[in-house]
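# Summary of the model geometry
Residue strings, one per chain:
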Amino acid sequence: MPLQNLEFGYQMYLAFSDPKIEALYQSSHKAIKDSRKQVWEDTKLFFQVEKGSPFLQCRPIIRTSNPPILPPLEMYLQDLEMVNASQPDQLENGFVNFEKCKEEAKIVQEIAYLKSGYSFPLVEDIREWLENNV
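Read on for an overview of the structure.

Criteria and cut-off values
- Residues numbered from 1 in each chain as written.
- Predicted model: local features only at pLDDT ≥ 70, side-chain atom pairs only at ≥ 80, totals over all residues.
- Heavy atoms only, no water.
- Core = buried A, V, L, I, M, F, W, Y, C linked by side-chain atoms within 4.5 Å.
- Buried < 20%, exposed > 50% of the residue type's maximum accessible area, 1.4 Å probe, protein only.
- Helix = DSSP H or I, 4+ residues; strand = E, 2+ residues; numbered from the N terminus.
- Salt bridge = Lys/Arg side-chain N within 4 Å of Asp/Glu carboxyl O.

## A short note on the nonpolar core
Core analysis: the largest hydrophobic core is formed by eight residues, namely Cys58, Ile62, Met75, Tyr76, Val83, Ile107, Ile111 and Leu114. Those elements that place two or more of their residues in this core are helix H3 (58-64), helix H4 (73-86) and helix H5 (98-114).

Below, the structure written as structure tokens:
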């Protein structure tokens, strides 16, 4: 029984052993490998640590991007942590440190702005299912 497909198998072997097909395979394989390498290099550049600050390369890219984008929350959490640790909650005279509040609000507003472009249509069936089952 297995010998019935021998001619078909031989024709497939001849087709794939054709030098043109082999050259096409090699060039596509090389292109995929090169593109993966380029993506890896771009990713390393994007999150490169310089002068003690990760995300130094990605900050200008994020600030010039149009929303919606998914911001790297680690970067913004680090910024909030730095603002929180570097400034006191109250001034020496006992007043609230509004400068600290203003800097924290600026960071939160930037996150909200970057996430602002998402608009999903309401799907009535999904809404009803969520209301009834969750």
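## Some points on the pattern of salt bridges
All told, the structure shown has four salt bridges when counted by the stated rule. Across the pair Lys100 and Asp89 runs a salt bridge whose closest N-O atoms are separated by 2.4 Å. Within this pair, whereas Lys100 is found in helix H5, its partner Asp89 is found in the loop between H4 and H5, the two being separated by eleven residues in sequence. Judged by relative accessible area, which is 54%, Asp89 ranks as exposed. The partner of Glu124 in a salt bridge is Arg127, and the shortest N-O contact between them spans 2.1 Å. With a gap of three residues between them, Glu124 and Arg127 both fall in helix H6 (residues 124-133), about one helical turn apart.

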